[in-house]
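Each chain, letter by letter, is given below.
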Amino acid sequence: MAIILQSHGGPDRKTQPRARSDVRIEALLPADGDIGVDEAADFGFLLPPSDDPSDYLAPGAVDDLDRLGDLMVPARGVDTPDGEMPPVMTYWGQFLDHELTARTDRETDLSRIENPAPTRTGAEIERLLKNARTPRFDLDSVYGGVPIGVFASDDLQRHAATVSSGMRHPANPAKMRVGSAVQQGNMPDGLDRHRDLPRFHQVAQRVRDAMLAIARAQMDDAGFDKFEAGLPKRALIGDMRNDENIIVAQFHLSVLRFHNKVVDFLTENDTGWIADFDAAKTLTTLHYQWLAVEGFLKTMCDPDVVDTILANRARHFFEFRAAYAARNGTRTLGNAIPIEFSAAAYRFGHSMVRRAYDYNNTFGRPNGEAPFDQIFAFTGGGGLGAGFGLNNNAIPQNWIIDWSRFVTADTSFTDGGNQRVTRAVDTSLAPPLGDMVNEGGGHPAGSDLHKMFRHLARRNLRRGLSLRLPTGQALHAHLKAVGAVATDPIADVSAMINGNDPLVDFLRNDGANLNAATPLWFYCLAEAEGTPGDRMGPLGSWIVASTFIGVLLDDPESALSRDFSPSQSPLRMPDGSPVDSIEKWMKFAIVME
């Protein structure tokens, strides 16, 4: 385990965590300049690689996939259906994803979306595709990791340790460093303005020099010059994907602020706990993990599916890991995460993104809205508003989020503005996701590849093809055969779709038979669309819930393994109640009134 530059249990378990002495650490050399723990952990298939062509999309399906993707995204100006969940769910889910997996959304030799067919076998993909995140909910995206490993020279490891030190509060190393918003525009509330991510303009020169030394060792001259010019705006966090849009960035900030509030709470109250970094990290992680199951998972997935997996201690998830190990042996630190989770089922959040948000009192009621494109403009990657004429090294204070508009669902507004809910989990994506302004894959503007990289639905479908994901029907049948799920596969997914007649007609008449041999990502969305209630359906719920619960049970220090509940924690709200909801999390962290 090492901080380096990177791109972007239960008694019934079949396997046990491997001893460190039984594995060797392999670190992947990244391409870009993020700080984070790169575990080189494993990805594996829930449906073991098969020679049966009926388990996969038909040869030559790529044109039909592109057409399917186009039909999933309406033209700009067309509204898509509201859901029932509070808007925080979309970006809470994104934060959780960045905690658990990385690399299935990147262009590699294994997964280039311009390829019209897979170039590797399933066995080769299992062997070569590596997960850059730790396969645990350990907040490595927040805290980073130990700057030691075989990835680099002694000098680079020393530089990594120096960069890591910059993530701590300069005056109180028990706390994490945060940033302060620039005094431009109105505040959204009566709280303080220390609500930006920490950025490199705040740290000592030795920390910036260390980061530049690491970048210089891995970049060509042009890449390094661009990196150096943007360094002051760059967030000093474990995973730079958490600064790709301002809502997930503000969620990340809430974790930093929660940690710091724990230090203050333990200092000011006689709890028996020492008010140090380790205590704050432990309590922050336990509350975060408990909320991941009780707040996020039980809202997003079918509660009956979640309860069944909890009751059987994720038995089938550990059987998946045992089968993966039998096929591949022991190669790296960390256990396998299903490729089908990372590259398909967990991408349900893309359908929940809104065209615009009621963000705060400047970019929301009573003064307007925050369009989807703009939430990418006020981040480090978006230049912190440079496209709007700003020359800041931090966000303006009028882009601090008002979490009270995000943590509770509210569809009562009659003014024609944005309701305070996600989009429905279904087979339609918000129009801006068909032409994402910050994307393009580095290809010439206007080229076919440039357009493809800016179209999220087409990109997801092609990524699944290149990674040889099984069809939804094949995986569903396999999981039913092994007893993991009780429902039957959907014979015709077009029957699950409501209100999109062109999409239904296409599925029933396309040459690739996609209605009966369906891309897994689309299958999970169609299943959700045809399932009562605004949540994932049986297959999608099982993939997501079994991965979450299995990962937590495999960690003996997790909230689930400890049977932790907030009532056992020393942390309390001002009224004496435990911190046991996402609303209370935000209030405890003093990022919401």
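Treat the numbers as computed from the prediction; the structure is a model and nothing was measured.

1. Looking at the overall build of the chain
Part 1: Looking only at helices and strands, one finds 20 helices and seven strands in the chain.
Part 2: By the compact-globule yardstick of 25 Å for 593 residues, the chain fits well, its C-alpha radius of gyration being 23 Å.
Part 3: Oriented by its inertia axes, the alpha-carbon framework of the chain measures out at about 65 × 60 × 55 Å.
Part 4: Out of the 593 residues belonging to the chain, those deemed buried represent 60%.
Part 5: Surface summary for the chain: the accessible area is close to 21700 Å², and the carbon and sulfur share equals 49%.
Part 6: A distance of 4 Å separates the average location of the 59 positive side-chain charges in the chain from that of its 78 negative side-chain charges.

2. Considering unusual backbone geometry
Part 1: Backbone torsion omega between Arg365 and Pro366 reads 5°, so that peptide bond is classified as cis.
Part 2: Residue Leu139 is not a glycine yet carries a positive backbone phi of 60°.
Part 3: Relative to the elements of secondary structure, Leu139 occurs in the loop between strand S4 (130–131) and helix H4 (140–143).

3. A word on the nonpolar core
Part 1: With 171 residues, the main nonpolar core has Ile247, Met300, Phe348, Trp403 and Phe522 as its most contacted residues.
Part 2: What Trp403 contacts, discounting residues up to four positions off in sequence, is Val88, Ile247, Gln250, Phe251, Met586, Val591 and Met592.

4. Things to note about the side chain of Thr134
Part 1: Among the structural elements, Thr134 can be located in the loop between S4 and H4.
Part 2: A polar contact of 3.1 Å, which involves the side chain of Thr134, links it to the side chain of Asp140.

5. Let's talk about helix H17 (residues 520–529)
Part 1: With respect to burial, H17 is a largely interior element, 10 of its 10 residues being buried.
Part 2: All of the buried residues in H17 are Leu520, Trp521, Phe522, Tyr523, Cys524, Leu525, Ala526, Glu527, Ala528 and Glu529.
Part 3: Each element contacted by the buried residues of H17 is listed here: helix H1 (62–72), helix H12 (339–343), helix H14 (456–466), helix H15 (472–481), helix H16 (501–509) and helix H18 (538–553).

6. What to know about the packing of aromatic side chains
Between two aromatic rings, the relevant description is the distance of the centres plus the angle of the planes.
Part 1: One pass over the structure, following the stated rule, counts 27 aromatic pairs.
Part 2: We note Arg168 situated over the ring of Phe277; from NZ or CZ to the ring centre the distance is 3.5 Å.
Part 3: In this structure, Arg216 is placed above the aromatic ring of Phe224, and the distance from its NZ or CZ to the ring centre is 4.0 Å.

7. Notes on the confidence of the model for the chain
Part 1: Mean pLDDT over the chain stands at 89; residues scoring 70 or higher make up 90%.
Part 2: Scored below 50 in pLDDT, residues 1–31 shows 116 contacts in the model against residues more than four places distant or in partner chains.

8. Concerning the environment of Thr80
Part 1: Mapping Thr80 onto the fold places it in the loop between H1 and helix H2 (88–100).
Part 2: In the structure, Thr80 is positioned 200 residues away from Ala280 in sequence and 42 Å away in space, judged by C-alpha atoms.
Part 3: Apart from the residues within four sequence positions on either side, Thr80 is in contact with Pro74, Arg423, Ser428, Leu429, Ala430 and Pro431.

9. Focus on the sheet that holds strand S5 (residues 337–338)
Part 1: The strand order across the open sheet formed by three strands is S4-S3-S5, and the pairing between neighbours is mixed. At either margin of the open sheet sits one strand with a lone partner, and together these are S4 and S5.
Part 2: Bridge count between strand S3 (residues 41–44) and S5: two bridges; the pairing is parallel. Considered in S5, the bridge of Phe43 is made with Ile337.

10. A look at H16
Part 1: Burial in H16 covers these residues: Leu503, Val504, Phe506 and Leu507. One side of H16 holds all its buried residues, which, seen down the axis, span an arc of 165°. In this structure, H16 carries Asp501 and Asn509 as exposed residues pointing more than 90 degrees from its buried face.
Part 2: Taken together, the buried residues of H16 touch H1 and H17.

11. Thoughts on the pattern of salt bridges
Part 1: Per the counting criterion, the structure on display carries 29 salt bridges.
Part 2: Measuring nitrogen to oxygen at the nearest pair gives 2.6 Å for the salt bridge that ties Arg562 to Glu557.
Part 3: According to the relative accessible area criterion, Arg562 is partly exposed, its value standing at 44%.
Part 4: Look at Glu557 and you get partly exposed, because its relative accessible area is 48%.
Part 5: For the salt bridge of Lys584 with Asp580, the shortest nitrogen-to-oxygen distance reads 3.1 Å.
Part 6: When its relative accessible area of 22% is taken as the criterion, Lys584 is described as partly exposed.
Part 7: Residues joined in a network through salt bridges with shared partners are Asp358, Arg365, Asp402, Arg405, Asp415 and Arg420.

12. Comments concerning the environment of Tyr359
Part 1: Position of Tyr359 relative to the elements: it lies in the loop between strand S6 (356–357) and strand S7 (370–371).
Part 2: Remark: the alpha-carbon pair of Tyr359 and Ser466, spanning 107 residues in sequence, is separated by 37 Å.
Part 3: Tyr359 has contacts with Ile246, Ile247, Gln250, Gly364, Ala370, Trp399, Ile400, Ile401, Asp402, Arg405 and Phe406, leaving out every residue within four places of it along the chain.

Procedures and definitions
Residues numbered from 1 in each chain as written. Predicted model: local features only at pLDDT ≥ 70, side-chain atom pairs only at ≥ 80, totals over all residues. Heavy atoms only, no water. Helix = DSSP H or I, 4+ residues; strand = E, 2+ residues; numbered from the N terminus. Rg over C-alpha atoms; globule rule 2.2 N^0.38 Å. Buried < 20%, exposed > 50% of the residue type's maximum accessible area, 1.4 Å probe, protein only. Areas by Shrake-Rupley, 256 points an atom, 1.4 Å probe, with all protein chains shown as cover. Lys, Arg positive; Asp, Glu negative; His and termini not counted. Charge placed at Lys NZ, Arg CZ, Asp CG, Glu CD. Core = buried A, V, L, I, M, F, W, Y, C linked by side-chain atoms within 4.5 Å. Contact = heavy atoms within 4.5 Å. Polar contact = N/O pair within 3.5 Å; in protein donor to acceptor, adjacent residues only side chain to side chain. Phe/Tyr/Trp six-rings, centres within 6.5 Å; stacked < 30°, edge-to-face > 60°. Lys NZ or Arg CZ within 6 Å of the ring centre and 35° of its normal. pLDDT = per-residue confidence, 0-100. Pairing = 2+ DSSP bridges. Arc of directions from axis to C-beta. Salt bridge = Lys/Arg side-chain N within 4 Å of Asp/Glu carboxyl O.

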